[in-house]
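Each chain, written out:
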Amino acid sequence: MSVEIDELTVHLGGTRILDGVSLTVPAGSFATLLGPSGSGKTTTLNVLAGFVAATSGDVRVDGEPLLDVPPHRRDIGVVFQNYALFPHLSVGRNVEFPLLARKVPSASRRARVASALELVQLPDVTDRSVRSLSGGQQQRIALARALVFEPKLLLLDEPLAALDKQLREAMQLELKRIQRETGTTTVAVTHDQVEALSMSDVVAIMHEGRIVQVGSPEEVYRRPATRFVAGFLGEANLLPVVDGRAALFGNPVSGSGITVLRPEDLELTAADHPGTVAATVTDVVYQGSRLRVTVTAEETALVVSAIPGELAVRPEAGDTIGVRHRGGALRALADA
Amino acid sequence: MSDLRRAAPRTSAIAVALGVVVALFLLLPLLVILPVAFSADSFLVFPPQEWSPRWFSAVLNDPAWRDALGLSARIAAGATVLATVAGTAAAFALRRLRRGQRALRTVMLAPLVVPQLVLALGLYLAVDDLGGRAGLGTLLVGQAVLATPIVYLAVAAGLAGVDPALARAARSLGHTWPSVLLRIELPLVARSVAGAAVLAFGLCFDESVLAYYLSPPGRETLPTRIWLDASQSASPAIAAVSTLVIGLAVVLLGLSLLLGRRRR
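Residues numbered from 1 in each chain as written. Chains lettered and ligands numbered in written order. Predicted model: local features only at pLDDT ≥ 70, side-chain atom pairs only at ≥ 80, totals over all residues.

Our next topic: the overall build of chain B. Of the regular secondary structure elements, chain B holds 11 helices and 0 strands. What you see in chain B, going N to C, is helices and strands ordered as α-α-α-α-α-α-α-α-α-α-α. Expressed as a percentage of the 264 residues in chain B, the buried residues total 34%. Within chain B, counting contacts between residues at least 6 apart in sequence, those at least 24 apart form 70% of the total. (Helix = DSSP H or I, 4+ residues; strand = E, 2+ residues; numbered from the N terminus. Buried ≥ 20, exposed ≤ 12 C-beta atoms within 10 Å, placed from the backbone. Contact = placed C-beta atoms within 7 Å.)

Next up, the structure:
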């Protein structure tokens, strides 16, 4: 089911929380609303779920207007940030809960609960208490409960925020697999850019109640539209555009103003290597697979993300060094 | 840190001593009543000269005392049902309010601070104004009014431990609000509600001010009967009845504590 959000505006207590949000999520795709806290991403999700009323605007699911439908008749599966599993019911009863509202006969209920638990790879916990499960398991049960009734739309509210780092990475893949297997159109909310980039087909970056850029993960990362997007998605070197070329490196840039060079687009070479910019190392931070090197070239501070194994010599603060751009098309920011 | 550690035992010793003093102050009158109940004498004398359970059997075999006990129990039961429904409903309703919650909460708790005499008089006049006659029904309603804030407080405390996201989750999963209430929210506070009902019953059972004002002549609840008996005869029967009531109160309090304990 495709979702079209059209000029959605929400005022709460005199404050404008959402300011004309428009987004189209194609059927079967995984869209992520990415933004800092207070950007309106959770409010957008709550409007879709029916927990917050829109002041104006429109949402259509497969062309059908959604906003007049009460939450319990929307057929939307929601996975809450803290999972919101019912503590007095067993795992099986939790997963069965949406089927009870739909008057599914008990034999078929059992079969569907079993296949939903199968889907999240926890087939043997039906009779367990939800309290006896780990955070990662509770997350899977919440997902099974939200998918067991084959919803039109799946909403994930900060789905991985409560998990520790290793589990989070495993669950990212898991979420993506389950989403692909069921083909359920999914809208997730997160403030974690790595999570958004690795799970989504479409990323919508939100800032102060608006969507500032929509695109594939690669598009928004490689070609951010605004200074905010550039900074929010990772470290960014902002360079002025002079006569259609990036300052220092001279790459051609479409548009004028300021352009973005990602730290991994820059390469360190020996000093006075031909075709490089001379720079002075000001700081080196070892990050495991990467070396984060800060240099100053012509009074401009640059961050370079180098692969330690590729460097002949490990740079130290105060060294003179060459920096060059790996090449590729650059685009100027819209708001600079 | 070491200063704190040294100070701690002294603080707790003072707290324990204070606790003992307060407990003695509260319980001493009871310690006088209990032995008197087992007295064989014909008058209230402390300490009793001879011991016997005869006043217990006298009370339990006296129709006047039995009627009073029965009436108290029936009215308290009715008032408990009313108060439990009203207090629980109020706790759920106030939780959903976005604004005005504090103001309404204060109103809910008003029966706890309004003098009971004023409540009794108000009820009497209100019923009279409506063309009725104050009687046992009025008494039942009045006691329910007194007990409602207690139920409200207990259930609101229980609800505070229930994640509001659970109700939203249940809604999003397709359940209407009555179904959410019945399947999710009420079961999660069932123990608080039951504990509150027990407390409400205890409160209504030996409520005396409203009972004295509103019960019609000849229909005495237990506290009224005790009052009348004390002013007329001063026999150890009162002590025996009081001991029974205290026993009931201890059982009810224990039950309420047991119910209020959180499941783990």
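A word on the UniProt feature "transmembrane region" (unreviewed entry) in chain B. Residues and elements named next belong to chain B. When the UniProt feature table is mapped onto this chain, "transmembrane region" (unreviewed entry) is found at residues 12–38, 75–94, 106–127, 139–162, 193–214 and 234–259. Taken end to end, residues 106–127 is 91% helix and 0% strand, and its first and last C-alpha atoms sit 25 Å apart. In residues 139–162, the share of helix is 92% and the share of strand is 0%. The end C-alpha atoms are 35 Å apart. (UniProt positions renumbered as here; feature names shortened; annotations may be inferred.)

Of the residues lining the interface, 15 residues belong to chain B; the matching set on chain A comes to 17 residues. For the side of chain B that touches chain A, the secondary structure elements donating two or more residues are α7 (164–172) and α8 (177–205) of chain B. The element best represented in the side of chain B that touches chain A is α7(B), accounting for 6 residues. Here the side of chain B that touches chain A is composed, by residue class, of 7 nonpolar, 5 polar and 3 charged. (Nonpolar A, V, L, I, M, F, W, Y, C, P; charged D, E, K, R; others polar.)

A few words now on the environment of B:Val189. Residues and elements named next belong to chain B. Following the sequence through the fold, Val189 ends up in helix α8. A count of 23 C-beta atoms within 10 Å places Val189 in the buried class. With sequence-adjacent residues up to four places away left out, Val189 is seen in contact with Val155, Gly158, Leu159 and Val162.

Over its 14 residues, helix α5 (residues 116–129) of chain B runs 20 Å from end to end, which matches the ideal 20 Å to within 8%, given 1.5 Å per residue. Looking at the residues trailing α5(B), positive phi occurs at B:Gly131, about 90°. (Expected span 1.5 Å × (residues − 1).)

Before going further, it helps to examine the sheet that holds strand β15 (residues 266–269) of chain A. All names here are of chain A. Reading across the sheet, the 5 strands line up as β15-β19-β16-β17-β18 and stay open at both edges, with antiparallel pairing between neighbours. Both outer strands of the open sheet, β15 and β18 (300–306), are each paired with one neighbouring strand and no more. Within the sheet, the average angular offset between the axes of one strand and its neighbour, ignoring direction, is 45°. In the sheet, strand β16 (residues 277–286) pairs with strand β17 (residues 291–297) via 6 bridges, with the strands oriented antiparallel. For Val284, the partnering residue across the bridge sits in β17 and is Val293. (Pairing = 2+ DSSP bridges. Axes fitted to C-alpha atoms, helices over the stretch in contact; angles between N-to-C directions.)

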